[in-house]
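Read off the chains here:
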Amino acid sequence: MTVTLTPAGAPAQISRVSDSASMVRVDGLTKRFPVRRGWMDTLRHPLAREEATALAGVTFAVERSEFFGLLGENGAGKTTLFKILASLIMPDAGTVTVNGLDVVKDSARVRGLLAPVIADERSLNWRLSARENLRLFAALHNLRGATGERRVSELMEITGIADTGTKMVGQFSSGMKQRLLIARALLSHPSVLLLDEPTRSLDPLGARRFREFLRDEIVARQRCTVLIATHRAEEALELCDRIAILDRGVVRAVGTPNELASRIVGERYHLWTLAPSHAALACLVAQGTINNVVIGECDEDGWTCVQLEIPGGPRTASDVIAALAAEHMPIASFERVRLPLAELIERIVAGRSAVLADA
Amino acid sequence: MHKLFALVRASWLVGASYRMAIITSFGSLIVTVVPVFYIARAMQPMMGKVVQGQGGDFFGFVLVGMVAFMFIGIAVGTLPGIISGSVSSGTLEAYLTTPSSLPTVLAGLMSYDFLWSFARAVVLVVTGAVLGAHIAWSKSLLAIGILALIVLSYLPFGILGASLMLWFRTTGPLPKAVIGLSGFLGGVYYPTHVIPSWLHSVSSAIPLTYGLRALRRVMLEGKPLSAVASDLGILTLFIVGLCTLSVLAFSRALHDAKRSGSLAQY
């Protein structure tokens, strides 16, 4: 497994993926959109053309039946990437293949394999029942007669909307609409499912149930390859086998959540002491050996937790312990704490991490 | 075909969920046709000779004009409306992610409006017949064929409007200009030979002029196909030329929308 972290602004350094077994392969994908200009600017320079880069040389691969997360802030390029995968937008450069089929040249066949779950509830027909919505799309997916009817009933059962009867979708809760959107996407037995922020309109409990459904039903039973775009780190942690961190159209890192967390330079440590020495800590900060020091409140038993970061790794950490002991600071416990994923992403995006490549 | 049926069925179910709208849709036809009958009857002594070559009955003349005009409104306005509505709601994107082709989806979505208009046209014509309009029922199939040609000759304007909708998010004045010009100069409420001579050249560039003339001769006078062949030939030329132009424009607009990513941005 290759994990590569690049600082913000640096070109993507993701190695080319050559695994032919990959279900989805994205290679050097680039997309720019024209920027809407103001009236005055247009009048002054009518022929000028400004473009904003949405994706810049994005490269990664997703294995069969893998749950792959695309993490990034709003505007990172996740939705654009999904729309290119779904052949709704044409790329400017690079190639994207789904099961070996090019999404531009073989778009019709790709649409038979891949199903984007369009998270917009308005894309449902609100004046129809769930069954009627599914019947319509079953027909558009070439599922006729009894076959289509069976698939519709099956999916309504799986997604837990079988008891909605003739109730119009407009009267559904957001959670039920999300389930219907999933059911609609699953109609054609897709090999790849694209989920773009599927839990954004769900309450925390609904979101948790939905994640359980995705893990147990979609991946475990349906054996779908799933790409999920989200800006919720906990969602990625809970669901994804691997994640890619996308920032302003550039892939900053790809790997499992644990790999990313354990390889980040400058790990965080917790130190428990009965007498924190401010002077000793300040001295180490001044030397650049430690940083981001937070001295907590003293607990009932007199222990104080000091949070600190040691950029130099375990060897420097032992030097820090020795230095603090030399300053007569009694240390009862010293432990490495993995960075929470959310913070990790924030750091990668902010470009505070160092480039790291490890096979 | 089953895809078209599914789309028509879904549109019908949506339409049927607005029960009041259905009732008023048919009710308004009765309210419209009755005053037209009385006005036409009052004007018959003056207009009878003017419409001599197209049935001779002014009420029947206007009735057929109203039916054709209703269809060109649908042909010109429906497709841009569907594009506009489905782009803003995201349904177009949802349809485009299925293996069904865009022309199939759009044809299915439009079909309901045409079928609905057909039902309304039948009510209109039957009401007119009850009120005294002379209809050559034996030529119904031929009349429906001519009506289909009229629709096909105006559909390209709808496709052009849809292209403009994809490019600029507005059709601009195109639909109103086409419908307005056709209404005034296409012979809907009066025959084209009564308009000023300097406008005749404009009138002859309007497909409705030929379509309506043929439709009236068949529906009101019971003429055979051979009697209206020349008008239908010209109408066919319009269809071929305009369809080619509009399909090219739409393909380009769709390509540009996919390039710019604007298919789901309203």
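Cut-off values and rules
- Residues numbered from 1 in each chain as written.
- Chains lettered and ligands numbered in written order.
- Predicted model: local features only at pLDDT ≥ 70, side-chain atom pairs only at ≥ 80, totals over all residues.
- Heavy atoms only, no water.
- Helix = DSSP H or I, 4+ residues; strand = E, 2+ residues; numbered from the N terminus.
- Buried < 20%, exposed > 50% of the residue type's maximum accessible area, 1.4 Å probe, protein only.
- Contact = heavy atoms within 4.5 Å.
- Areas by Shrake-Rupley, 256 points an atom, 1.4 Å probe, with all protein chains shown as cover.
- Lys, Arg positive; Asp, Glu negative; His and termini not counted.
- Charge placed at Lys NZ, Arg CZ, Asp CG, Glu CD.
- pLDDT = per-residue confidence, 0-100.
- Salt bridge = Lys/Arg side-chain N within 4 Å of Asp/Glu carboxyl O.
- 1 Å grid on protein atoms, 1.4 Å probe; cavity = no way out; pocket = protein on both sides within 12 Å on 5 of 7 lines; lining within 4 Å.
- Points joined across faces, edges and corners; volume = space filled by probe spheres on them.
- Nonpolar A, V, L, I, M, F, W, Y, C, P; charged D, E, K, R; others polar.
- Buried area = accessible area lost by both parts, 1.4 Å probe.
- Core = buried A, V, L, I, M, F, W, Y, C linked by side-chain atoms within 4.5 Å.
- Axes fitted to C-alpha atoms, helices over the stretch in contact; angles between N-to-C directions.
- Parallel < 35°, antiparallel > 145°, perpendicular 65-115°, else oblique.
- Left-handed = near helix turned anticlockwise from the far one by under 90°.
- Pairing = 2+ DSSP bridges.

Asker: An account of the overall build of chain B is needed here, citing residue identities and associated values.
Answerer: Summing up its helical and strand segments, chain B has ten helices and zero strands in all. Along the chain direction, N to C, the helices and strands of chain B fall in the order α-α-α-α-α-α-α-α-α-α. Projected onto its principal axes, the C-alpha coordinates of chain B cover approximately 60 × 45 × 30 Å. Buried residues in chain B amount to 51% of all 266 residues. Considering only residue pairs separated by 6 or more positions, chain B has 78% of its internal contacts joining residues 24 or more positions apart. Approximately 11600 Å² of chain B is accessible, and the part contributed by carbon and sulfur atoms is 73%. The averaged location of the 6 negative side-chain charges in chain B is 2 Å from the averaged location of its 16 positive side-chain charges.

Asker: Would you mind going over the confidence of the model for chain B in detail, with residue names and values included?
Answerer: Low pLDDT marks stretches whose predicted atomic positions should not be read closely. With 99% of its residues at a pLDDT of 70 or more, chain B shows a mean pLDDT of 90. As scored by the predictor, the complex reaches a pTM of 0.76 and an ipTM of 0.85.

Asker: Give me the lowdown on the pattern of salt bridges, citing residues and values where you can.
Answerer: Working definition: two side chains of opposite charge can pair if their charged atoms are close together. Residues and elements named next belong to chain A. Within this structure, the stated rule accounts for 16 salt bridges over all chains. Taking the shortest distance from any N to any O, the salt bridge between arginine 37 and aspartate 41 comes out at 3.5 Å. Of the residues examined, arginine 37 reaches a relative accessible area of 19% and is grouped as buried. We note a salt bridge from arginine 135 to glutamate 132, for which the minimum N-O separation is 2.7 Å. Here glutamate 132 and arginine 135 lie together in helix 4 (residues 130–140), a separation of three residues that amounts to about one turn. Looking at arginine 135, the relative accessible area reads 27%, which means it is partly exposed.

Asker: Could you give me a rundown of empty space enclosed by the protein, with the residues and numbers involved?
Answerer: On inspection of all chains with the given rule, the structure shows three cavities of 30 Å³ or more. Of the pockets and cavities examined, the largest cavity occupies roughly 110 Å³. If you trace the largest cavity, you find it lined by A:Ala115, A:Pro116, A:Val117, A:Ile118, A:Phe137, A:His141, A:Leu181, A:Arg184, A:Ala185, B:Ala94, B:Thr97 and B:Thr98. Only strand 7 (114–117) and helix 6 (174–186) of chain A provide two or more residues apiece to the lining of the largest cavity. There is about 50 Å³ of room inside the second largest cavity. Every residue lining the second largest cavity is listed: B:Gln54, B:Phe61, B:Gly186, B:Gly187, B:Tyr190, B:Pro191, B:Thr192, B:Thr209, B:Leu212, B:Arg213 and B:Arg216. The dominant element in the lining of the second largest cavity, judged by the number of residues it contributes, is helix 9 (residues 207–219) of chain B, at four residues. In terms of residue class, the lining of the second largest cavity is made up of four nonpolar, five polar and two charged.

Asker: Residues and numbers for the interface of chain B and chain A, please.
Answerer: Facing 30 residues of chain B, the contacting portion of chain A comprises 29 residues. Summed over both partners, the interface of chain B with chain A buries about 2800 Å², with 59% contributed by carbon and sulfur atoms. If you sort the residues of chain B by the area they bury against chain A, B:Thr97, B:Lys258 and B:Arg259 come out on top, with a joint share of 21%. For the interface between chain B and chain A, the tally reads three salt bridges.

Asker: Tell me about the nonpolar core, and name the residues and values.
Answerer: Residues A:Leu227, B:Ile150, B:Tyr154 and B:Leu215 are the most contacted members of the largest nonpolar core, which totals 164 residues. With 19 residues, the top contributor of residues to this core is helix 3 (residues 58–89) of chain B.

Asker: Break down the packing of helix 6 (residues 140–168) of chain B against helix 7 (residues 174–185) of chain B for me, citing the residues and quoting the values.
Answerer: All names here are of chain B. The geometry of helix 6 relative to helix 7 is characterised by a closest axis approach of 9 Å and an angle of 160° between their N-to-C directions. If you check the angle between helix 6 and helix 7, you find them roughly antiparallel. As for how helix 6 packs across helix 7, the hand of that crossing is right-handed. In contact with Tyr154, Phe157, Leu160, Gly161 and Leu164 of helix 6, helix 7 contributes Leu174, Val178 and Ser182. Considered class by class, the residues forming the contact of helix 6 with helix 7 number six nonpolar, two polar and no charged.

Asker: Describe the sheet that holds strand 5 (residues 93–98) of chain A, and please don't skip the residues or the numbers.
Answerer: All names here are of chain A. Spatial ordering of the open sheet is given by 3-2-5-6, a layout of four strands whose pairing is antiparallel. Each having just a single partner strand, strand 3 (51–62) and strand 6 (101–102) make up the two edges of the open sheet. Across five bridges, strand 2 (residues 24–34) lies against strand 5 in antiparallel orientation. When the sheet's bridge partners are listed, aspartate 27 is paired in strand 5 with threonine 95.

Asker: I'd love a proper account of the environment of A:Val35, names of residues and values included.
Answerer: Residues and elements named next belong to chain A. Position of valine 35 among the secondary structure elements: in the loop between strand 2 and helix 1 (39–44). Distance in space between the C-alpha atoms of valine 35 and histidine 270 is 47 Å, their sequence separation being 235 residues. What valine 35 contacts, discounting residues up to four positions off in sequence, is Glu50, Glu51 and Ala52.

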